[in-house]
Amino acid sequence: CLKLLKLKNFLSIDFQRNLRKKSIDDLTKQNEKLIQVVNKNINVDSVDLPPAAHLTLKSNPKLIDDIKIKELKFGLNYEKFENQLDQIEPKFSLNPFDLEEDPTYKRNSANCSGCGAYLQCNDKMKEGFIDAKKLKILSKKELNFTICFRCEYLKTTRKLLNVTAESFDYDKFIMEKIISQKKAHVIILVDLLDLPNSIYEGWSKLIRKDSGIDISILGNKFDLLPNTGPNFEKSIIECLLTQCSKKGLNGDQIKYVDLISAKTGFNIEKVISKFFKLWNDEGDVYLLGMANAGKSVLFNKLLSSDYCRPLASEALVRATTSFWPGTTLNNLKFPITLLTPKKDSLRRQRLEGDLKKLIEIEEKRRKRYEKDHDLKDAEVFGLVNTSFKKYSVIENEIDVENIQATYSMNEGVINEADNFENTNELKEKFKKDAREIYRPNFYKDKSTWFYDTPGVLGSQKILQNFSKKELEIVFPINVIMPRIYWMIPGQSLFVGGLIRLDLLESTNDERVLFSIMASPALPIINPFKTEEADGLYEKYYNEGNVLRVPHKNHIREEPLPQLKSKTFEISCIGNYKATSDIVFSCFGWTAVTSRPDVKAKIRAYTLGGDGLELREPSLLPYIVNFKRKWDRKDGLQKANGITIFKETVEIESINQNGKKLLSAKKGEIFNVANLSSKLKL
């Protein structure tokens, strides 16, 4: 006898795919006792079946009588129909070698919900590929929530399949589309760890006279930067605006600048409130950024927030994110909430409650840090939630403005007493029903849209040929603390196998201080004679993989480029403040300091030489005042506090009222947990 679950899946899939109407008729003829109506007083909608199965039962008079049913009875011969059921619901493999291609199959399919690529089954080596067996049986509705094999494989195995992505003209397909808009809001997401390489010069085309395009600039990955003292955020924003201005992004069109962390949610709610205030239902919103800047992570945060329409927030598949740059291959989108006074009131109430929670969590993190010195407790963070989850369904149409109504599907009701947040079964039902109802065309003329665009590949392109283990070493996961080294002319040092620094000259052969900001998992080879550098690099690379990245045993489709150099001349103003940084592509940077009036000539190397830049002003000018202990046993930093190593240090000597902002004695330890002391919503 066939189990209820099998029959549910059979009926649901049969109706949705519209491929096997004949099979239901045949089954009914061959088995007259397929369904027996026991009691006509019970509505079919009260039976625990998928919505599509309900519609199948209602539309087929051979299966039900007068749309009333209480109990389903079957007398099916399972073996007889087993092959037929397997054809309806085949089992799909995650083995790339088991995929089936069909070069002749053509269909107007949708885009992958994870990366945006056009779904196809013609060539498994190209973007957007999906198993031909699977693609052929998916309905148009199901395609809206389907991801390609590349995204499915990445989410399941955390490994990236190299596929051939169709090249496209970024300026033509992205920039020209935005410029043609009469009214639009552009969010430029900048990676603070890779300034100025994370700013694309082509974005300067958005700066035009009489343009209807407003621009916001958000500096991402703020959670990874240490607090160097009062007003350190001001110095970061100053550096960010200076680098943007050098790339042509300046003027009255720049309406808003802020620092965020898409990963931890820091400042996200504040940014959303600002967007509602400045651009509430005034043109579509486009998210631009270089590859690996964190656009997809931010997209997912906003998708789960008040910024997205409640129904779309539940229905849409989250964007695929990974260590590798270039994961998003085409535009992803969601409809933006129109903030009415009623919704604004609900949002304010929820933010007030979240602020209280945030303060409690902050206090617990501070106490944990004082006890364990775990850098995770030193990260800035924020709470991102939604105020408009509940909605009602009336005759399969969504009442998007009825935000205080409880979620209901005919006679089934979910309310607060059901503890929706903690019940996976209810959450899955909520999501499933939302996908049945969600229709993008419904919002076509009633909402503006938020677009996540593909990233521009600059110096970040080299990361595509790194393994996942290498990327886990290259990308820091916690607050980065400086590793500080003195060097004299004629000395060099290595940071892993990615960065090399040579101090060629300095005024009067003065020592120069390098405050290196890179992933703590990248080992630093202590300063040595420059003439020994080439031999040591080859030795460390071949013996025991001391450099860690690049890993000598990792097989690559393309060999990594050799180390190439650029030479920089830096004028220092003192041992305790940096005026400029040397940026190592996407691997980090170093602040350079020495005695006043000392000029240093430095040769810096990185893979291929791309992305080597001199950044002025320094991103963290006072980073040199932090001193860290280094544990060489496992190559990881241990947080034992931050120590000032000058008799008296005044990071910002006085404020507008003439009051000292910070002064510390030699050896005084500062609490890293102060990094997240400023709460922002």
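Remember, predicted model here, so these are calculated numbers, not experimental data. Just so you know, the residues in each chain are numbered from 1, in the order the chain's sequence is written. Given that this is a predicted model, residues contribute local features only at a pLDDT of at least 70 and side-chain atom pairs are listed and counted only at 80 or more, while totals for whole chains, interfaces and linings are drawn from all residues. Remark: hydrogens and water are excluded; side-chain values derive from all non-hydrogen atoms of the structure.

(A) Structural context of the sheet that holds strand 15 (residues 524-529). Taken in spatial order, the five strands line up as 15-12-13-19-16 in an open sheet, and their pairing is antiparallel. A strand with exactly one partner marks an edge of an open sheet, and here the two such strands are strand 15 and strand 16 (563-571). Looking at each pair of strands side by side, their axes are set apart by 20 degrees on average, direction ignored. Following DSSP output, two strands are said to pair if at least two bridges run between them. Only DSSP runs of H or I reaching four residues or more are called helices, and only runs of E reaching two or more are called strands; each is numbered from the N terminus. Strand direction decides the pairing type here: strand 12 (residues 491-495) and strand 15, joined by four bridges, are antiparallel. Looking at the pairing, V495 lines up with I524 of strand 15. Lying on the sheet, helix 16 (residues 533-542) is in contact with strand 12, strand 13 (499-506), strand 15 and strand 16; it crosses strand 15 at an angle near 150 degrees. Comment: axis = line fitted to C-alpha atoms, over the contacting stretch for helices; angle = value between 0 and 180 degrees taken between N-to-C directions. Should any heavy atoms of two residues lie within 4.5 Å, those residues are considered in contact.

(B) Inspection of unusual backbone geometry at higher detail. Cis peptide bonds are those with omega within 30 degrees of zero, and the linkage from L195 to P196 qualifies with 0 degrees. When you line up the elements, P196 lands in the loop between strand 1 (184-191) and strand 2 (213-220). Cis peptide bonds are those with omega within 30 degrees of zero, and the linkage from E616 to P617 qualifies with 0 degrees. Turning to its location among the elements, P617 is positioned in the loop between strand 20 (612-615) and strand 21 (630-631).

(C) The packing of helix 10 (residues 268-278) against helix 13 (residues 341-372), seen in detail. Put simply, helix 10 and helix 13 touch, their axes get as near as 12 Å, and they point 160 degrees apart. In terms of their interaxial angle, helix 10 and helix 13 are classed as roughly antiparallel. Crossing of helix 10 against helix 13: the hand is left-handed. Packed against helix 10, whose contacting residues are E269, I272, S273 and F276, the element helix 13 presents R347, R350 and L351 at the interface. Along the lines of polarity and charge, the residues of the contact of helix 10 with helix 13 split into three nonpolar, one polar and three charged. Any angle that falls under 35 degrees is termed roughly parallel, while one over 145 is termed roughly antiparallel, one within 65 to 115 roughly perpendicular, and all others oblique. For a crossing to be left-handed, the near helix must be turned anticlockwise from the far one by less than a right angle; the clockwise case is right-handed. Amino acids are sorted into nonpolar (Ala, Val, Leu, Ile, Met, Phe, Trp, Tyr, Cys and Pro), charged (Asp, Glu, Lys and Arg) and polar (every other residue, Gly among them).

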